[in-house]
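# Architecture at a glance
Next come the chains, spelled out residue by residue.
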Amino acid sequence: MTLGGETRTLTLLFSDVRGFTAIAEDFKDDPKGLTTLMNQFLTILSNGILDYGGTIDKFMGDAVMAFWNAPLDNKDHAHAACHAALRMISDVDKFNKRRTAEARLARMRAARAEAGKEKQRRKKTEHSERKVHTINVGIGINTGKCVVGNMGTSTRFDYTALGDPVNVASRLEGQSRYYGASIILGENTANEAMNDFALLELDTIRVVGKELPENIFALVGDSTLRADPMFQEAFELNKAMHAAYRAQDWDAVSAALPKIEDLFEKLKLGLNYYAALYRGRVAEMRAEPPPPDWNGVFASTKK
């Protein structure tokens with residue numbers, strides 16, 4: 001156990017809770033309750049990562065950093081990370097439904113309690129009337145060469161990864177909230193996963209702190225969804241919309257968006273803000289047209 005690292009190609013995953021501040025505020029008088037909730041939640045996320053061979057780097061409050069292909073070799077690390085991310089989203093959804101059902105049951109029991117039992121009423125107030133927040137998770141995944149090993153000082157260090165792909169993965173997690181996508185992949189990961197997962201092109205962006213643009217994709221399902229004819233229709237229509245967007249054909253973009261929105265809704269893909277985001281951009285482009293050599297890159301100013 002000494003300081004030092006090696007260069008390896010890793011697939012990195014960052015996850016974070018959307019709206020955690022509101023959840024923490026609701027537990028301001030019950031820090032133990034918040035701790036219990038977050039421990040249950042982080043256990044669920046960890047199970048998905050570990051079951052697909054990932055290495056959990058660290059927990060950062062409600063956030064998780066993990067990577068694949070170190071310390072043990074995993075030639076399918078991009079696929080493993082995508083499988084883990086889908087499992088994480090599915091498990092969080094089940095967790096939310098279970099918490100809602102438990103809260104409903106507690107309210108029913110409290111309602112049946114006799115009016116004179118003050119202890120029962122106190123339990124109702126403490127455990128039943130607190131709002132059950134739906135926990136939504138954003139995940140960013142990226143693949144690239146990193147330095148991985150023991151980093152820190154001679155007396156205290158962690159096994160972790162450093163490098164530009166790490167920073168990009170973190171930025172992609174932050175971008176997930178603006179597209180309504182639960183999982184966003186960087187271009188390298190998407191190239192590895194394209195034939196085996198249901199992916200949709202989202203944008204070409206320049207994330208905060210980066211000079212080079214990155215093509216980003218939403219991971220919305222596995223190979224079963226990818227083979228669905230309706231998804232294939234949505235995939236091709238979305239691809240054509242992006243081609244029209246880069247060609248500055250605003251009429252074609254505007255015509256495609258309602259169809260894309262309808263297919264996404266039928267397939268229950270999420271991406272709730274996606275069509276509205278592009279409608280807003282088209283309106284801005286019509287008002288102030290970009291230069292003829294514009295390449296469709298969106299410069300993000302938010303992390």
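This report concerns the structure included in the present document. These numbers were taken from a predicted model, which means no experiment stands behind them.

## Some remarks on the packing of aromatic side chains
Aromatic ring pairs are reported here in terms of the distance separating the ring centres and the angle at which the planes meet. Across all of its chains, the model carries eight aromatic pairs by this definition. Summarising the aromatic geometry, the rings of Tyr245 and Tyr278 are spaced 5.1 Å apart at their centres and angled 85 degrees between planes, so their arrangement reads as edge-to-face. Of the two residues, Tyr245 is situated in helix 8 (residues 229-246) and Tyr278 in helix 10 (residues 274-287); the sequence distance between them amounts to 33 residues. Residue class for Tyr245 comes out buried when judged on its relative accessible area of 3%. The rings of Tyr245, Trp250, Phe264, Tyr274, Tyr278 and Trp294 are connected pair by pair, giving a single aromatic cluster. Here the guanidinium or amino end of Arg281 rests over the ring plane of Tyr278, the centre of that ring lying 5.0 Å away.

## A look at the side chain of Thr55
Mapped onto the elements of the fold, Thr55 is located in strand 2 (residues 55-60). According to the relative accessible area criterion, Thr55 is buried, its value standing at 18%. Not counting chain neighbours up to four residues away, the residues in contact with Thr55 comprise Ile49, Met65, Ala66, Phe67, Ala70 and Pro71.

## Focus on the pairing of strand 2
Pairing analysis gives five bridges linking strand 2 to strand 3 (residues 63-68), with the strands arranged antiparallel. Looking at the pairing, Lys58 lines up with Met65 of strand 3.

## Overview of the pairing of strand 3
Within a regular strand, the side chains alternate between the two sheet faces. Buried residues dominate strand 3, accounting for six of its six residues. Along strand 3, one buried face is formed by Ala63, Met65 and Phe67 and the opposite face, lined by Val64, Ala66 and Trp68, is buried too. In the sheet, strand 1 (residues 4-18) pairs with strand 3 via five bridges, with the strands oriented antiparallel. Directly across from Leu12, in strand 3, lies its bridge partner Phe67.

## Examining helix 8
Its 18 residues give helix 8 an end-to-end C-alpha distance of 26 Å, which sits within 8% of 26 Å, the value for a rise of 1.5 Å per residue. Taken together, the buried positions of helix 8 are occupied by Phe231, Ala234, Asn238, Met241, His242, Ala244 and Tyr245. What you see down the axis of helix 8 is that its buried residues fit within an arc of 160 degrees, all on one side. As for helix 8, its buried residues are in contact with strand 7 (198-206), strand 8 (214-221), helix 7 (223-226), helix 9 (250-267) and helix 10. Taking the backbone nitrogen of Met230 as reference, a side-chain oxygen 2.8 Å away marks Asp228 as the first, capping residue of helix 8.

## A short note on the packing of helix 2 (residues 31-51) against helix 3 (residues 77-112)
To characterise two packed helices, one gives the angle between the axes of the helices and the distance between these axes. The N-to-C vectors of helix 2 and helix 3 enclose an angle of 150 degrees; their axes lie 8 Å apart at closest approach. One way to sum up the angle between helix 2 and helix 3 is to call them roughly antiparallel. When you trace helix 2 past helix 3, the crossing you get is right-handed. Contacts between helix 2 and helix 3 involve Leu37, Gln40, Phe41, Ile44, Leu45, Asn47, Gly48, Ile49 and Asp51 from the first element and Ala84, Arg87, Met88, Asp91, Val92, Phe95, Arg98 and Arg99 from the second. Here the contact of helix 2 with helix 3 is composed, by residue class, of nine nonpolar, three polar and five charged.

So, how was this worked out
Residues numbered from 1 in each chain as written. Predicted model: local features only at pLDDT ≥ 70, side-chain atom pairs only at ≥ 80, totals over all residues. Heavy atoms only, no water. Phe/Tyr/Trp six-rings, centres within 6.5 Å; stacked < 30°, edge-to-face > 60°. Helix = DSSP H or I, 4+ residues; strand = E, 2+ residues; numbered from the N terminus. Buried < 20%, exposed > 50% of the residue type's maximum accessible area, 1.4 Å probe, protein only. Lys NZ or Arg CZ within 6 Å of the ring centre and 35° of its normal. Contact = heavy atoms within 4.5 Å. Pairing = 2+ DSSP bridges. Expected span 1.5 Å × (residues − 1). Arc of directions from axis to C-beta. Polar contact = N/O pair within 3.5 Å; in protein donor to acceptor, adjacent residues only side chain to side chain. Axes fitted to C-alpha atoms, helices over the stretch in contact; angles between N-to-C directions. Parallel < 35°, antiparallel > 145°, perpendicular 65-115°, else oblique. Left-handed = near helix turned anticlockwise from the far one by under 90°. Nonpolar A, V, L, I, M, F, W, Y, C, P; charged D, E, K, R; others polar.

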